[in-house]
Amino acid sequence: MDIRPFPSLLPPSVGIGLKPQHYESLLDPSCPSGRSCWVEVHPQNYFGDGGPPHRWLTAIAERYPLSFHSVGLSLGSADGLNSYDLDRIALLCDLYQPASVSDHLSFSGNAHNRFADLLPVPYTRPSLDHFAGEIGKVQDRLKRPILIENPSRYLAYRGDEMEEVEFISRLIRVSGCGLLFDINNVEVSATNLGFSPLSYLDAIDPAMVGEIHLAGHAVEHHESGPLLIDDHGSHVTQTTWDMYRQFIGRAGAIPTLIEWDTDVPDYPVLMEEAEKAQVIMDEACYAFAG
């Protein structure tokens, strides 16, 4: 069965991750916003019932489409997803009507503990069935399809039955979700686990993709070789830019986020990075038109 194109409601342009230090810049008419047309937030940061965060977000939502990028549903947990987070996200969706909602191909806890980490799931048939079922619960509650982000990985399970792209493709066919394609995560995982990032890139069907993430990462040097850490704390690497250019060249314009979560720069620096992505997207659109 072919995969139908994911119906993204975000503008096919470049967005930025919303951070409190940039609230005023995004709302200041005299401050150039570049061509950033949308913003992404972690809904967990807005679980409170009111106060300044909601006043700022309400004002920004009147000007920019929103994408909710959840970090806490823990869809891969064997004992089920985080129902508290789902309840709060449902309330926020009713309040702000985001154009997109996403989470991760991961788990963040077990029957006894919750962790502030996005841990990898095994790529097996039982894991696939479980994950698809949890996505179904979320989509039924939110009354919309969601996106699932490919992970950054530091290890692989010995008992994996399929490659990551095959797992994702099957998951999308079974659940009706889409892919949030994080290209930096491909560079991180490929380097850490020793597979070809270009082969991974070529295997991704653009029809699956509702959003793209671009970010930077840290590098640790060890005797066994470099270890890439997905910290979202620096400029996008040249390798990730090259992969983005290659993918968008065959996919066309897809909503693309500049993700910068640690050591967050001043607003103009972030917008320079967003403009680089927009130029690449514009070039791809020109090529398609030609």
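About the criteria used
Residues numbered from 1 in each chain as written. Predicted model: local features only at pLDDT ≥ 70, side-chain atom pairs only at ≥ 80, totals over all residues. Heavy atoms only, no water. Core = buried A, V, L, I, M, F, W, Y, C linked by side-chain atoms within 4.5 Å. Buried < 20%, exposed > 50% of the residue type's maximum accessible area, 1.4 Å probe, protein only. Helix = DSSP H or I, 4+ residues; strand = E, 2+ residues; numbered from the N terminus. Contact = heavy atoms within 4.5 Å. Pairing = 2+ DSSP bridges. Axes fitted to C-alpha atoms, helices over the stretch in contact; angles between N-to-C directions.

### A short note on the nonpolar core
At step 1: Counting residues in hydrophobic clusters, the biggest one holds 72 residues, and the most contacted among them are Phe181, Ile212 and Tyr244.
At step 2: For this core, the leading source of residues is helix α9 (residues 267-289), giving eight residues.
At step 3: Beyond its immediate sequence surroundings of up to four residues, Phe181 is in contact with Asn150, Val186, Tyr200, Leu201, Ile204, Val209, Glu211, Ile212, His213 and Phe247.

### Points about the pairing of strand β11 (residues 225-229)
At step 1: Bridge analysis of strand β10 (residues 218-222) against β11 gives five bridges, and the strand direction is antiparallel. By the bridge assignment, His222 is partnered in β11 with Gly225.
At step 2: Taking the residues that link successive antiparallel strands as the turn, the β10-β11 hairpin has two residues.

### Points about the sheet that holds strand β1 (residues 14-17)
At step 1: With parallel pairing, the eight strands of this closed barrel are ordered in space as β1-β2-β3-β4-β7-β8-β9-β12. If you compare each strand with its neighbour and ignore which way they point, the axes differ by 30° on average.
At step 2: In terms of strand pairing, strand β3 (residues 66-69) meets strand β4 (residues 100-104) through three bridges, oriented parallel. Pairing of Ser67 across the sheet is with Ser100, part of β4.

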